[in-house]
Amino acid sequence: MWVCGALSGARTRAQVRRGLLRACGRRWSAAASYSAAAEPSRVRALVYGDHGHPTNVVELKNLELTAVGGSDVHVKMLAAPINPSDINMIQGNYGLLPKLPAVGGNEGVGQVVAVGSSVTGLKPGDWVIPANAGLGTWRAEAVFSEEALMAVPSDIPLQSAATLGVNPCTAYRMLMDFEQLRPGESVIQNASNSGVGQAVIQIAAALGLRTINVVRDRPDLQKLTDRLKNLGAEHVITEEELRKPEMKNFFKDVPQPRLALNCVGGKSSTELLRHLAPGGTMVTYGGMAKQPVTAPVSLLIFKDLKLRGFWMSQWKKDHSLDQFKELIFTLCDLIRRGQLTAPACSEVPLQDYQHALETSMQPFVSSKQIFTM
């Protein structure tokens, strides 16, 4: 299990991180003293016992921290984000649902405090992320089996490590696995300001690909446009602009994309299909509009378009842990080179979870809520 500690709002991010690392350091020396007979301590966690609206069913509780067995690893959580999949899981609308009661959160980074006598791949001080979804990362500490964790480099920013295992992995795999794109070719996507969308922009730029990024119209559109272009976006257009006849002129100067990435569904996905090059592929990885993907028959027949889906959890099931590690280390190299940064994040102490959950479900929020312990 993983459990989060409260942070004072007045403490700076640097102070928080130094304090966390000092606290972990004091505990490493206790590693050898852990045994099955150790007296359990209580740690805080965000738990839900029923499916429903997150602010109604999630509660901050004290859970028992079990003793460290031979193949176990004691981890102190450092940071854990709120992703749309976390919300869907709590609501009961996801492809993977843990047994209830469950601790929320599928992603985050922690630091190893102690290891059992049989653990060979991890040591105190290592940074780790969940190897698979469903562990429950919204807690301050946890005792997990070694196989449930994967080490990540500690020389990357904390927020990058905390948000590494879901959105950037999804973005990279979708760019690489469906169309063999060459530098100079273009990709079109909706939900471009999402965590995946921001990762797509940056990874595509690193690969020499041009991105056409569709967003919803909003009062601060210019601010959002500037931010996405600073990440490497070549074009930022609104859903309304995408529907205009003038888009034909746009594609006289920009290569028609052979790959579209859909996280919205409904009319937005139909418009992506209309602008795909013949033989192109639209990959759906989300359904924010809660509307079905509608594909006109003429586009399927006369343009031979392909409709595919992607789910990172399924990719992990179909590939080995070594392949997942290779993916993570590829992304870490991009981070070190300054070609991939974490999405805009708002750090939130665990006790403010109600506000964080509510904010994460609001429209036009460009900042990811991330619990810091």
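In this text the structure is predicted, and so the values were computed from the model without any measurement. (Residues numbered from 1 in each chain as written. Predicted model: local features only at pLDDT ≥ 70, side-chain atom pairs only at ≥ 80, totals over all residues. Heavy atoms only, no water.)

Peer 1: What should I look at first to understand the sheet that holds strand 1 (residues 41-48) in this one?
Peer 2: Whenever strands of a sheet pair, they do so through backbone hydrogen bonds, lying parallel or antiparallel. The strand order across the open sheet formed by 3 strands is 2-1-4, and the pairing between neighbours is antiparallel. Every other strand in the sheet has two partners, leaving strand 2 (58-65) and strand 4 (102-103) as the edge strands with one partner each. Relative to strand 4, strand 1 is paired through 2 bridges, and the arrangement is antiparallel. Note on strand 4: the bridge partner recorded for Val47 is Val103. Helix 14 (residues 353-360) rests against strand 1 and strand 2 of the sheet, and its axis sits at about 125 degrees to strand 2. (Pairing = 2+ DSSP bridges. Helix = DSSP H or I, 4+ residues; strand = E, 2+ residues; numbered from the N terminus. Contact = heavy atoms within 4.5 Å. Axes fitted to C-alpha atoms, helices over the stretch in contact; angles between N-to-C directions.)

Peer 1: Explain the nonpolar core here, please?
Peer 2: As a rule of thumb, nonpolar side chains are buried together in soluble globular proteins. Val109, Leu175, Ile203, Leu261, Ile328 and Leu331 are the most contacted members of the largest nonpolar core, which totals 46 residues. Ranked by the residues each element gives to this core, the list is headed by helix 13 (residues 321-336), at 7 residues. Excluding residues within four positions of it along the chain, Leu175 makes contact with Val187, Val200, Ile203, Ala204, Leu209, Leu259 and Leu261. Formed by 19 residues, the second largest nonpolar core is a distinct cluster that contains Tyr48, Met77, Ile90 and Leu350. (Core = buried A, V, L, I, M, F, W, Y, C linked by side-chain atoms within 4.5 Å. Buried < 20%, exposed > 50% of the residue type's maximum accessible area, 1.4 Å probe, protein only.)

Peer 1: Looking at this model, I keep getting lost on empty space enclosed by the protein. Mind explaining?
Peer 2: A water-sized probe rolled over the atoms picks out the places where empty space is left. All chains considered together, the criterion is met by 2 cavities of 30 Å³ or more. Roughly 90 Å³ of internal volume is contained in the largest cavity. If you trace the largest cavity, you find 14 residues lining it, with Thr163, Pro168, Thr341, Ala342 and Pro343 closest to the centre. Contributions of two or more residues to the lining of the largest cavity are made by helix 5 (167-177) and helix 6 (195-206). For the lining of the largest cavity, the leading source of residues is helix 6, giving 4 residues. Split into classes, the residues belonging to the lining of the largest cavity amount to 7 nonpolar, 7 polar and no charged. (1 Å grid on protein atoms, 1.4 Å probe; cavity = no way out; pocket = protein on both sides within 12 Å on 5 of 7 lines; lining within 4 Å. Points joined across faces, edges and corners; volume = space filled by probe spheres on them. Nonpolar A, V, L, I, M, F, W, Y, C, P; charged D, E, K, R; others polar.)

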